[in-house]
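Letter by letter, the chains look like this.
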Amino acid sequence: MSEHIDNLDLLGSGGHVWLWDDRVREQKVVGSAGIVGAYSMITSLGERAGRIAGKNGARAVLKATGASKAVADAALNVIEAAIEAYCDLGTEVEWEDDQAHTGTALVLVSYRRIGGRLYGASGASVAVWQFYELILRENNGSWD
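Here goes a summary of the coordinates provided. (Residues numbered from 1 in each chain as written. Predicted model: local features only at pLDDT ≥ 70, side-chain atom pairs only at ≥ 80, totals over all residues. Heavy atoms only, no water.)

## Regarding the overall build of the chain
In terms of helices and strands, the chain carries one helix and seven strands. Seen in sequence order, the chain has helices and strands lined up from the N terminus as β-β-β-β-α-β-β-β. Relative to its length of 144 residues, the chain is extended, with a C-alpha radius of gyration of 20 Å against a globular reference of 15 Å. Projected onto its principal axes, the C-alpha positions of the chain cover 80 × 25 × 25 Å. (Helix = DSSP H or I, 4+ residues; strand = E, 2+ residues; numbered from the N terminus. Rg over C-alpha atoms; globule rule 2.2 N^0.38 Å.)

So, in structure tokens, the structure goes:
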């Protein structure tokens, strides 16, 4: 399978990259009075935060086309509504990113539009673009 969120191609309409932060490692360090040194251990490997961004420092973009402006807007509304529904539910889903990392505990945290929609011609159709930022969290902390 190729890039997806919950087996849906929600982001395939525009340019983007998946960017991941380092895994959160919780560590406990114990030292006692009168003892030289300390003992430490990792107590948990937490989540890994990520985000969808644009390529080469640009903004991520969603795109839809239609026979008219209204049809193009409606198509983009469907994509945005699906992304926002995942954010609202907060459920863990399977995923694969643009670098073929996969996992089973992705949570979409927040979707934020950047600016207003842009419109233009795409052949005989109308195209609409929406710049955005999508914040993610992989609860398992890593990928397969």
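We are not done yet, so read on.
## Quick notes on helix H1 (residues 69-89)
Its 21 residues place the ends of H1 30 Å apart at the C-alpha level, agreeing with the 30 Å of an ideal helix rising 1.5 Å per residue. Taken together, the buried positions of H1 are occupied by Ala72, Asp73, Leu76, Ile79, Glu80, Ile83, Tyr86 and Cys87. The arc that holds the buried residues of H1, viewed along the axis, is 150 degrees, so those residues lie on one side. Every exposed residue of H1 that faces more than 90 degrees away from the buried side is listed here: Ala70, Val78, Asp88 and Leu89. Looking one or two residues beyond H1, the residue adopting positive phi is glycine 90, at roughly 70 degrees. (Expected span 1.5 Å × (residues − 1). Buried < 20%, exposed > 50% of the residue type's maximum accessible area, 1.4 Å probe, protein only. Arc of directions from axis to C-beta.)

## Side note on empty space enclosed by the protein
Following the criterion strictly, the structure yields one cavity of 30 Å³ or more and no others. Within this model, the largest cavity holds a volume of roughly 40 Å³. If you trace the largest cavity, you find it lined by Glu3, His4, Ile5, Leu8, Asp9, Leu10, Leu11, Gly12 and Trp18. Classifying every residue of the lining of the largest cavity by side-chain character gives five nonpolar, two polar and two charged. (1 Å grid on protein atoms, 1.4 Å probe; cavity = no way out; pocket = protein on both sides within 12 Å on 5 of 7 lines; lining within 4 Å. Points joined across faces, edges and corners; volume = space filled by probe spheres on them. Nonpolar A, V, L, I, M, F, W, Y, C, P; charged D, E, K, R; others polar.)

## Focus on unusual backbone geometry
Despite not being glycine, asparagine 7 shows a phi value in the positive range, around 65 degrees. Relative to the helices and strands, asparagine 7 resides in the loop between strand E1 (4-5) and strand E2 (17-30). Positive phi, close to 70 degrees, is recorded for alanine 100, a residue that is not glycine.

## Quick notes on the pattern of salt bridges
On inspection of all chains with the given rule, the structure shows six salt bridges. The salt bridge partner of arginine 117 is glutamate 80, with a shortest N-O separation of 2.7 Å. Of the two residues, arginine 117 sits in strand E6 (residues 102-122) while glutamate 80 sits in helix H1, which places them 37 residues apart along the sequence. Arginine 117 gets classed as partly exposed once you look at its relative accessible area, which sits at 22%. We classify glutamate 80 as buried; its relative accessible area is 3%. Ionic pairing is found between glutamate 133 and arginine 112, a salt bridge with its closest N-O pair at 3.4 Å. Of this pair, glutamate 133 sits in strand E7 (residues 125-138) while arginine 112 sits in strand E6; the two residues are 21 residues apart in sequence, bridging distant segments of the chain. Where salt bridges share partners, they join Lys69, Asp73, Glu80, Glu84, Arg113 and Arg117 into one cluster. (Salt bridge = Lys/Arg side-chain N within 4 Å of Asp/Glu carboxyl O.)

Nothing here speaks to function; it is all geometry.
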